[in-house]
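# Chain and residue survey
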Amino acid sequence: VLKVGFYRELLSFGYNVWACDADAVFMHDPRPLMAERNYALADIAIATDCIDIPLDSRSPLMHCDFNTGLVYLRSKPNTIEFAELWRETVANAKEHRIRDQAAFNMLTKVRPPTPLSIE
């Protein structure tokens, strides 16, 4: 709850958020990537541990879970609203195992995001 609440606070102050778990590293500064082409249109960019190129071409990443260990959140009203809903989902979960990643995936399965095509 604290982590997602912190993301929401940063977003509400106008900051974009890059969050990275301790077991992941950036080989290069990722900020220029988020200003390029279609990435500049993304409000949220997130990692996944599931890569299936043939299935991704038909249904980009909607067949597997997202990994909140690497997430980018752009400070926009809809992202702030999503972050608050995400925080509330974690806070109000009846099951102890529902942490930020499970809650994020629950929310994106209920209302799937629109994937951007990267050319």
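The preceding data block contains the structure.
As the structure is a computational prediction, the values presented were derived from the model and not from experiment. (Residues numbered from 1 in each chain as written. Predicted model: local features only at pLDDT ≥ 70, side-chain atom pairs only at ≥ 80, totals over all residues. Heavy atoms only, no water.)

Axis angle and axis distance: for two packed helices, these are the angle between their axes and the distance between the axes, and together they describe the pair. Closest axis-to-axis distance for the helix H1 (residues 2–12)/helix H3 (residues 77–91) pair is 9 Å, and the angle between their directions is 160°. When the axes of H1 and H3 are compared, the pair comes out roughly antiparallel. Between H1 and H3 lies a crossing of left-handed hand. Counted together, Val-4, Gly-5, Tyr-7, Arg-8, Leu-11 and Ser-12 of H1 and Thr-79, Ile-80, Ala-83, Glu-84, Trp-86 and Arg-87 of H3 form the full contact between these two elements. Split by residue class, the contact of H1 with H3 holds six nonpolar, three polar and three charged. (Axes fitted to C-alpha atoms, helices over the stretch in contact; angles between N-to-C directions. Helix = DSSP H or I, 4+ residues; strand = E, 2+ residues; numbered from the N terminus. Parallel < 35°, antiparallel > 145°, perpendicular 65-115°, else oblique. Left-handed = near helix turned anticlockwise from the far one by under 90°. Contact = heavy atoms within 4.5 Å. Nonpolar A, V, L, I, M, F, W, Y, C, P; charged D, E, K, R; others polar.)

Quick look at H3 now. In this model, H3 (15 residues) spans 21 Å end to end at C-alpha, consistent with the 21 Å of a helix rising 1.5 Å per residue. In this fold, the buried residues of H3 make contact with H1, strand S2 (44–48), strand S3 (66–73) and helix H4 (100–110). (Expected span 1.5 Å × (residues − 1).)

You can see Thr-79 is positioned in helix H3. Classification of Thr-79 by relative accessible area gives buried; the value is 2%. With sequence-adjacent residues up to four places away left out, Thr-79 is seen in contact with Leu-11, Asp-43, Ile-44, Leu-73 and Arg-74. (Buried < 20%, exposed > 50% of the residue type's maximum accessible area, 1.4 Å probe, protein only.)

Across all of its chains, the model carries seven aromatic pairs by this definition. Between Trp-18 and Phe-26, the aromatic rings sit 5.3 Å apart at their centres with planes inclined by 80°, giving edge-to-face as the arrangement. When its relative accessible area of 37% is taken as the criterion, Phe-26 is described as partly exposed. Through a chain of ring-to-ring contacts, three or more aromatic side chains come together here, namely Tyr-7, Phe-66, Phe-82, Trp-86 and Phe-104. (Phe/Tyr/Trp six-rings, centres within 6.5 Å; stacked < 30°, edge-to-face > 60°.)

All right, on to the sheet that holds S2 then. Two strands in a sheet stick together by hydrogen bonds in their backbones, pointing the same way (parallel) or opposite ways (antiparallel). Read across the sheet, three strands follow the order S1-S3-S2 without closing on themselves; strand pairing throughout is antiparallel. Both outer strands of the open sheet, strand S1 (17–20) and S2, are each paired with one neighbouring strand and no more. Strand-to-strand, the axes of this sheet are offset by a mean angle of 25°, without reference to chain direction. Relative to S3, S2 runs antiparallel, the two being bridged by five bridges. (Pairing = 2+ DSSP bridges.)

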